[in-house]
Structures are given as C-alpha cells and as structure tokens.
Amino acid sequence: MQGEARIVSPWEVEVNGRRLSARHLVIATGARPFVPPIPGLDSVPYRTSDTFWSLEELPQRIVVLGGGPIGCELAQSLARFDCDVSIVEMAPQLLAREDADAAMVVQIALERDGVRVLLGRKAVAARAGEPHTLTVEHEGAQAELPFDLLLVAVGRTANVEGFGLDTLGIPLRKNRTIDTDEYLRTKFPNILAVGDVTGPFQLTHASAHQAWYAAVNALFGGLKSFRADYRVLPAATYTDPELARVGINEREAQAQGIAVETVMYPFAELDRAIAEGATEGFVKVLVPPGKDTILGATIVGARAGDLIAIFALAMKHNIGLDKILGTVFAYPTFAEAAKFAAGVRRKRHAPQRTLAWLERYHDWNRR
C-alpha cells in the first residue's frame, strides 16, 4: 500500500484512513540527509544526496560540504564532468573514520582529477549573490568560496517523526535513532526496527542483514530469537580507487588499546594491477602479534569493494591468513592480492631454525 502511515497502537497501523492490524510491525523508515544550521544556507541553491539527482543542468562551480564517502564519491564524479569542485571538510583528513594512509590514496586521486580538497575548514555562513559564496573558517581566518551549487553531504539523520513513535512512547537514542535491543526489538517486543532508522550502520547491505533477523524473529520469536550479528560487516567507498574495510582498522585498534601486527601488500607488486595500470593502493591486514587470525582488513585500490569479501568470508568462518596463503588463486587476478598479503606475514614469521636445518641438509646433499 502506498500512503501516509501512522502507528496507532502496538498492533495497528493506519494508512489513508484504513486500519491494518498485525502481530508484528517492522519500522524501516530510513534516514534523510542532515542539513546543518548554517546561517544563510536557505538563501542559496543547495542540494543533498537525495535531491542532487533531479538536476537538469550541470553547474560549473560546485562546493561539496563534507568529505565522507558520499561527498568524495560525488565530488570525483562531478570533477570528471569538468566541473570546478571543492570539498570542504572539518576533519584533518578525508574519510575521517578510515586510516590516514588509505584516505590519502583517495585524496591524491581526487586531487589528480581536479578536486580542490580543503581540510580543517568549518563552514560558518552562506550568502546569495553573484556569485553565491560559502564562508569557511580555518585557524582563525575566514575565506569565501564562490559557487553555483552547494552540495551538502555531512551525514544523515533518522526519520523518526510523523508516524506515531511519540504516541506509543517508543524511546530514541541520543543520536535520534530508534532504541532497539540486540534482537532489533523496540520497547514493544512485537515492534522491530531495521536500517538507518535504528543503525548503527547506514549501509544498504547492513539494512538487508538486519531485515533477515527482524523477519525471522517476528515469525519464529516464540520458538527462538536471533541476535543481530555485526561482527563481520564490510563497507566500501566507491571512489576511484575504491576504499573498503571489514573489522577494525589501525585507528580503531589504537583507540581501543588492541595490540596488532600490520601486514601490507602494495598493488604496485601485483601483476594484474600492473597490466591494467591500476597500481595505486594496498591491502592492509591486522592480526594479533605472532598470529594469523584476521582482526580487520583495509583495501584501497582497484576493485577493493569486491576484494574485501575475501576477508569478510575468512573472518566470518575463522579462516586465518595461513589458510588463505594455502589456497590456489587464478593468475593473474586482483584476488591474488589477498594471498600475497598472507604471504608477507608468513615470510615475516618464517621458521628460522627449520630453514637453517634445511640449508645444512641441501649443502650436505650437494656434496
């Protein structure tokens, strides 16, 4: 049914004046782009990742507010249409949640495509005129950036108003997402929530993942319920080159006080990457010191969004780097980068006593 819906009781939804009843309700109202309260913003032409697609003419000068995945993806795309593009980001790096070395590979690629990257800048005002301008502040000084279009990409906020949550008193978290337990149940066990409206991940595949748990728990919760499992959830940013990650990265390991050993393999040494002229980036894997258990992997480079699935599968089923090393990969493929990364760790921990014995054996055998 298409129409305006409102929850009127724990078991009833009203749509277009008609009441529907059910044993379980699933809230999947998603999220919308967050528009920051910048003075003057309403007076200038701006778009978000939702409204951008209705543009009929390509603006020449575009300022992208926000250097997260959406901001970077759209900025690079627009630059390749010969637009004059600037990214304004408050943080000291693009893709603030990622490791600095991986984010820098993306930044270099964006700058090569003509994107002007302005880091550590805070947008403080917008002004309509000829041209329109965005005032940004950096280290106490202000500057004005002219633009024909401002693209706001500073995050998303959950859609929690206007459909009855307040009527039932369903609580929200501090970040204004619906509060659910590990089974995706709200205050009312028969009302579940999935996707961006509850989080914690604003990813399409995360929403689909949650939807399975919500459906199963609604249908069979009287027999058995399942906790939503987020332990192995990959994410990708579709710039060129791509950046993908699963598990923890070095930034998070340091913040959480987790001791890790870092394994790196550059695409510059991979035959398929060399053949295709796509040698930017690397595979980085984190393992406990001296062990091959995968704690997380970051890939920046060609087809990173596809390659990260190898490490997601390995982590899901407790497959260590040594078993990846022992797996035959087709040659020449980008997937070999996972195997060669495993080889880097194995070589680092080569059994020196055994190798010394083998050296003596072959010296004796040549006599």
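Residues numbered from 1 in each chain as written. Predicted model: local features only at pLDDT ≥ 70, side-chain atom pairs only at ≥ 80, totals over all residues. Heavy atoms only, no water.

**Notes on the overall build of the protein chain**
Scanning the protein chain from N- to C-terminus turns up ten helices and 20 strands. Seen through its principal axes, the protein chain has C-alpha atoms that stretch 95 × 65 × 35 Å. Expressed as a percentage of its 367 residues, the buried residues of the protein chain come to 43%. Taking contacts inside the protein chain between residues at least 6 apart in sequence as the whole, the part at least 24 apart equals 57%. Element-wise, carbon and sulfur atoms account for 53% of the exposed surface of the protein chain, whose accessible area totals about 19,800 Å². (Helix = DSSP H or I, 4+ residues; strand = E, 2+ residues; numbered from the N terminus. Buried < 20%, exposed > 50% of the residue type's maximum accessible area, 1.4 Å probe, protein only. Contact = heavy atoms within 4.5 Å. Areas by Shrake-Rupley, 256 points an atom, 1.4 Å probe, with all protein chains shown as cover.)

**Some words on the nonpolar core**
Formed by 30 residues in total, the largest nonpolar core has its most connected members in Phe267, Val285, Phe311 and Ile324. For this core, the secondary structure elements donating two or more residues are β17 (242-247), β18 (261-266), β19 (282-287), β20 (296-301), α7 (304-316), α8 (321-325) and α9 (336-348). Sort the elements by how many residues they give to this core and α7 lands first, with seven residues. Dropping the residues within four chain positions of it, phenylalanine 311 is found in contact with Val246, Val283, Val285, Ile294, Ala297, Ile299, Leu321, Ile324 and Ala338. Judged by nonpolar contacts, the second largest core, of 26 residues, contains Cys83, Ile87, Ala102 and Leu110. (Core = buried A, V, L, I, M, F, W, Y, C linked by side-chain atoms within 4.5 Å.)

**Focus: the pairing of β19**
Most of β19 sits out of view: six of its six residues are buried. The pairing of β18 with β19 spans six bridges and is classified as antiparallel. Each bridged residue has a counterpart across the sheet, and for proline 266 the counterpart in β19 is phenylalanine 282. One ladder, built from five bridges, connects β19 with β20; its direction is antiparallel. Bridging from a neighbouring strand, valine 285 pairs with alanine 297 of β20. (Pairing = 2+ DSSP bridges.)

**Let's talk about the sheet that holds strand β11 (residues 132-138)**
The pairing of strands in a sheet comes from backbone hydrogen bonds and takes either a parallel or an antiparallel form. Strands sit in the order β10-β11-β12 across an open sheet of three strands; the sheet is antiparallel. The open sheet has two free edges, formed respectively by β10 (122-127) and β12 (141-147), since each of these has just one partner strand. Mean inter-strand twist for the sheet, computed between neighbouring axes without regard to direction, equals 25 degrees. Looking at chain direction, β10 and β11 are connected through five bridges and run antiparallel. Across the sheet, alanine 123 pairs through a bridge with valine 136, a residue of β11. (Axes fitted to C-alpha atoms, helices over the stretch in contact; angles between N-to-C directions.)

**Points about the packing of aromatic side chains**
Inspection of every chain in the model, using the stated rule, returns eight aromatic pairs. Their ring planes at 85 degrees and their centres at 5.0 Å tell us that tryptophan 212 and tyrosine 213 sit as a pair that is edge-to-face. On the basis of relative accessible area, tyrosine 213 is assigned to the buried category, the value being 10%. Here a set of aromatic residues connected by ring pairs shows up, and it is made of Trp212, Tyr213 and Phe226. Over the ring of phenylalanine 226 we find lysine 224, and its NZ or CZ is 5.3 Å from the ring centre. (Phe/Tyr/Trp six-rings, centres within 6.5 Å; stacked < 30°, edge-to-face > 60°. Lys NZ or Arg CZ within 6 Å of the ring centre and 35° of its normal.)

**A closer look at the sheet that holds β18**
On the basis of which strands lie adjacent, the open sheet formed by five strands has the order β16-β17-β20-β19-β18 and antiparallel pairing. Looking at the sheet topology across the chains shown, the edges are occupied by β16 (235-237) and β18. For this sheet, the mean inter-axis angle between neighbouring strands, taken without regard to orientation, is 10 degrees. Against the sheet, α9 makes contact with β18 and β19, and its axis sits at roughly 130 degrees relative to β18, the strand it touches most.

**Comments concerning the pairing of strand β1 (residues 5-9)**
Summarising the sheet, β1 and strand β2 (residues 12-15) pair through four bridges and their orientation is antiparallel. Pairing of arginine 6 across the sheet is with glutamate 14, part of β2. Adjacent in sequence and paired antiparallel, β1 and β2 are bridged by two residues.

**Observations regarding the side chain of threonine 239**
Position of threonine 239 among the secondary structure elements: in the loop between β16 and β17. Within the local environment of threonine 239, its side chain forms a polar contact with the backbone oxygen of proline 241, the two atoms lying 2.7 Å apart. Apart from the residues within four sequence positions on either side, threonine 239 is in contact with Cys72, Glu73, Gln76, Val106 and Leu110. (Polar contact = N/O pair within 3.5 Å; in protein donor to acceptor, adjacent residues only side chain to side chain.)

**Quick word on unusual backbone geometry**
Put simply, glycine 199 and proline 200 share a cis peptide bond, and its omega is 5 degrees. With respect to the helices and strands, the residue proline 200 is situated in the loop between β15 (191-193) and α4 (204-220). For leucine 95, which is not glycine, the phi dihedral falls at a positive 50 degrees. Here leucine 95 lies in the loop between β8 (84-89) and α2 (100-112). Overall, the relative accessible area of 3% leaves leucine 95 in the buried class. Although it is not a glycine, glutamate 139 sits at a positive phi angle of roughly 55 degrees. Residue position: glutamate 139 is located in the loop between β11 and β12.

**Observations regarding α7**
Relative to the 18 Å expected for 13 residues at 1.5 Å per residue, α7 spans 18 Å between its end C-alpha atoms, a close match to the ideal helical length. Regarding α7, the residues found buried are Ala304, Leu307, Ile308, Phe311, Ala312, Ala314 and Met315. The inward-facing, buried residues of α7 abut β17, β19, β20, α8 and α9. Asparagine 318 sits one or two positions beyond α7 and adopts a positive phi of about 55 degrees. (Expected span 1.5 Å × (residues − 1).)

Don't take any of this as a statement about function, it's just geometry.
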